[in-house]
Amino acid sequence: MEKITGSEALLRALIAEGVDTIFGYPGGAVIPVYDCLYDYKDKLKHVLVRHEQGATHAAQGYARVSGKVGVALVTSGPGATNTLTGIADAMMDSTPLVVITGQVASSLLGTDAFQEIDVIGITQPITKWAFQIRRPEDIAWAVSRAFYIASTGRPGPVVLDFAKDAQVGMVEYAYKKVDYIRSYQPEPDIVPERIQLAADLINKAERPFCLVGQGVILGNAERELMAFLTRNDIPAASTTLGLSAMPSDFPLNKGMLGMHGNVGPNRKTNECDVLIAIGLRFDDRVTGDLKTYAKQAKVIHLDIDNSEIGKNVPVDVKVLGNAKRTIPLITALLEERKRPEWNAAFEPDAREEYEKVIRPELYPESGYLRMGEVVRKVSEAADNKAVLVTDVGQNQMMGVRYFKYSQTRSVVTSGGLGTMGFGLPAAIGAKFGAPGRTVCFFTGDGGLQMTLQELGTIMQERLDVKIILLNNNFLGMVRQWQELFYHKRYSFTEMENPDFVAVAKAYGIAAREVRERAELDDAIREMLDHEGAYLLVADVELCGMVYPMVPAGCTITDIIMGDDK
């Protein structure tokens, strides 16, 4: 059998797992792998990011739009610790990643050697699995196991810490793909009795309502979801991460749930008689005060992760399993029904929200540019077919509220961790994951500057990413909370910003700044028609607000809709 180095064994194992793109940054403890990568450039695309955090966020963006496992490769010590935010973000948002960190030679472990850090100890709480490779004989086994764990069940990040002597040691390479681990059951057994109980509750319901989470997308169950909803005429709304599971114009799609979600879905959560949650974790931003959340309803919860069911919201029927399998089983037992009165009950809420929030946001008669109108115009100009990537803050909430979706895997944003700086590297990864789609990245001036250096990656890769900066010279979401709840004491949220157009041009990226409404349509068309990366700086109103808003800790129906608060 052929003997090769551990570094080459790693690369062959990655190729065997279908990896085509790696996001990384070299350093001393991982030089042997990078030296070997020099000979594999025709088989593995390596994207040189400008910071290791960027590698993990780019790998997340790649994974979210492609459905594949994202891969990051970094060195030891600070290289490894710089990945922690991205790993934690991936864990919160169930994103499949394999992060490979270099490590000092195994003989030096525990000696406080140069750039040594206990990667396993640090990452175990924020990964599905973390393993240190000390022998070249363990490489193929560890890589196969890592990809299996990262991609199956509820997806998530895995860390492989790769000692330097294992990288240079020789090994007889043989790869065997893992498809079973005795202590790990990614897809739990489905209990038929619970399927029947769920169907019975729905069939008896007069006002059923479905909450759609990212688990539908992760399970590739979008078609099954829409067939389920259509058969029993069940209205539905999505969490932020679940938004593109249904097209925006799907008749039973009532919008978004949660703190900045649509009025109808939030109100009807506390009016329905059966609440069906699929692939979500009942995050506090969705539920508000748990003491008053959906107390009138029977709750059915479908999820692949047993730990999520009943964790926050008590359930009446627990359906454990992959949504792609469990949804059709329930659908087969449902009566064909039409619920015109219940679906029509969402319309008064929608009209009220349109008049008080949406119309003035999207169609302002005068004044400064509004965040919502910029998002709407970009989405429409891209025929509602683009991938939306956002950073975190007001730009995020405006992005997910006013962008429209016609296909799945169209939303890339940091949900659970809410990581500012996520967006720019995630947009890079999204473009590599979906090269044939337009990627529109919305950001604020605060979040953009947290990972601004990744413009260098865009420059080097000649990457076609459309960047829309909603610039208000504030940390906008914090400022909004200060205005509403802290007596307008704007403590350290105002920002003095650089000339972003000049910064972009320094990286060879086309850019334009827009202040007047009359210029906006032309600027958006110029951006989308431009071949290559483009930064559109939209100078929006300084004190814009994201409404509706359910204040933190309040009942989900305690909704602020602007000055009438």
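Residues numbered from 1 in each chain as written. Predicted model: local features only at pLDDT ≥ 70, side-chain atom pairs only at ≥ 80, totals over all residues. Heavy atoms only, no water.

Per an unreviewed UniProt entry, the recorded name for the protein is Acetolactate synthase, and the organism is Candidatus Parabacteroides intestinigallinarum. UniProt lists a comment for the protein under the heading Catalytic activity (unreviewed entry), and it reads "2 pyruvate + H(+) = (2S)-2-acetolactate + CO2". The UniProt entry for the protein carries the following comment under Sequence similarities (unreviewed entry): "Belongs to the TPP enzyme family." (UniProt positions renumbered as here; feature names shortened; annotations may be inferred.)

**Q** Which residues make up the overall build of the protein, and what values do they have?
**A** Counting secondary structure elements, the protein contains 24 helices and 20 strands. Each principal axis of the C-alpha atoms in the protein carries an extent, and together these give about 70 × 60 × 40 Å. Sorting the 565 residues of the protein into buried and exposed places 61% on the buried side. Considering only intrachain contacts with a sequence separation of at least 6, the fraction spanning at least 24 residues in the protein is 76%. Just so you have it, the protein exposes about 22,500 Å², and 50% of that area is on carbon and sulfur atoms. (Helix = DSSP H or I, 4+ residues; strand = E, 2+ residues; numbered from the N terminus. Buried < 20%, exposed > 50% of the residue type's maximum accessible area, 1.4 Å probe, protein only. Contact = heavy atoms within 4.5 Å. Areas by Shrake-Rupley, 256 points an atom, 1.4 Å probe, with all protein chains shown as cover.)

**Q** Talk me through the sheet that holds strand β16 (residues 411-412); I want residue IDs and the actual numbers.
**A** Strand order in the open sheet formed by 6 strands is β16-β15-β17-β18-β20-β19, with parallel pairing between adjacent strands. Only two strands of the sheet have a single neighbouring strand rather than two, namely β16 and β19 (510-514). Examined bridge by bridge, strand β15 (residues 387-390) and β16 share 2 bridges and lie parallel to one another. If you follow Val-389 over to β16, its bridge partner there is Val-412. Packing against the sheet, helix α17 (residues 371-381) makes contact with β17 (439-444), β18 (466-471) and β20 (534-539), and its axis sits at approximately 165° to β18. This element, helix α18 (residues 394-402), spans β15, β16, β17 and β18 of the sheet and lies at about 160° to β15. (Pairing = 2+ DSSP bridges. Axes fitted to C-alpha atoms, helices over the stretch in contact; angles between N-to-C directions.)

**Q** Let's hear about the pattern of salt bridges: which residues, and what values?
**A** If charged atoms from side chains of opposite charge come close, those side chains can pair. Under the counting rule described, the total for this entry stands at 36 salt bridges. The closest approach of N and O atoms between Arg-359 and Glu-355, which form a salt bridge, is 3.2 Å. One end of the pair, Arg-359, and the other, Glu-355, are both in helix α16 (residues 347-362), 4 residues apart, so they sit about a helical turn from each other. Since its relative accessible area comes to 44%, Glu-355 is described here as partly exposed. With a shortest N-O distance of 2.6 Å, Arg-479 and Glu-483 are connected by a salt bridge. With Arg-479 and Glu-483 both in helix α22 (residues 476-485) and 4 residues apart, the pair spans about one turn of that helix. According to the relative accessible area criterion, Arg-479 is buried, its value standing at 0%. (Salt bridge = Lys/Arg side-chain N within 4 Å of Asp/Glu carboxyl O.)

**Q** So what's going on with the nonpolar core? Which residues, and what values?
**A** One finds Leu-275 and Phe-442 to be the most contacted residues of the largest nonpolar core, which totals 64 residues. In terms of residues, this core owes the most to one element, helix α24 (residues 517-529), which gives 5 residues. Apart from residues no more than four positions distant in its own chain, Phe-442 is found in contact with Val-374, Val-375, Val-378, Leu-388, Val-389, Thr-390, Asp-391, Asn-395, Phe-403, Ile-468 and Leu-470. If you look at the next biggest cluster of nonpolar residues, it comprises 49 residues, including Phe-23, Val-47, Ala-72 and Ala-434. (Core = buried A, V, L, I, M, F, W, Y, C linked by side-chain atoms within 4.5 Å.)

**Q** Can you break down the packing of aromatic side chains residue by residue, with the values?
**A** If you walk through the whole model with that rule in mind, you get 14 aromatic pairs. On the numbers, 5.7 Å between centres and 80° between planes, the contact of Trp-481 with Phe-485 is edge-to-face. Remark: Phe-485 and Trp-481 occur in helix α22; sequence separation between them is 4 residues, near one turn of the helix. Here a set of aromatic residues connected by ring pairs shows up, and it is made of Phe-23, Tyr-62 and Phe-432. One residue, Lys-41, lies across the ring of Tyr-38, its end atom 4.0 Å from the ring centre. Its guanidinium or amino end placed over the ring of Trp-129, Arg-145 lies 5.2 Å from that ring's centre, counting from NZ or CZ. (Phe/Tyr/Trp six-rings, centres within 6.5 Å; stacked < 30°, edge-to-face > 60°. Lys NZ or Arg CZ within 6 Å of the ring centre and 35° of its normal.)

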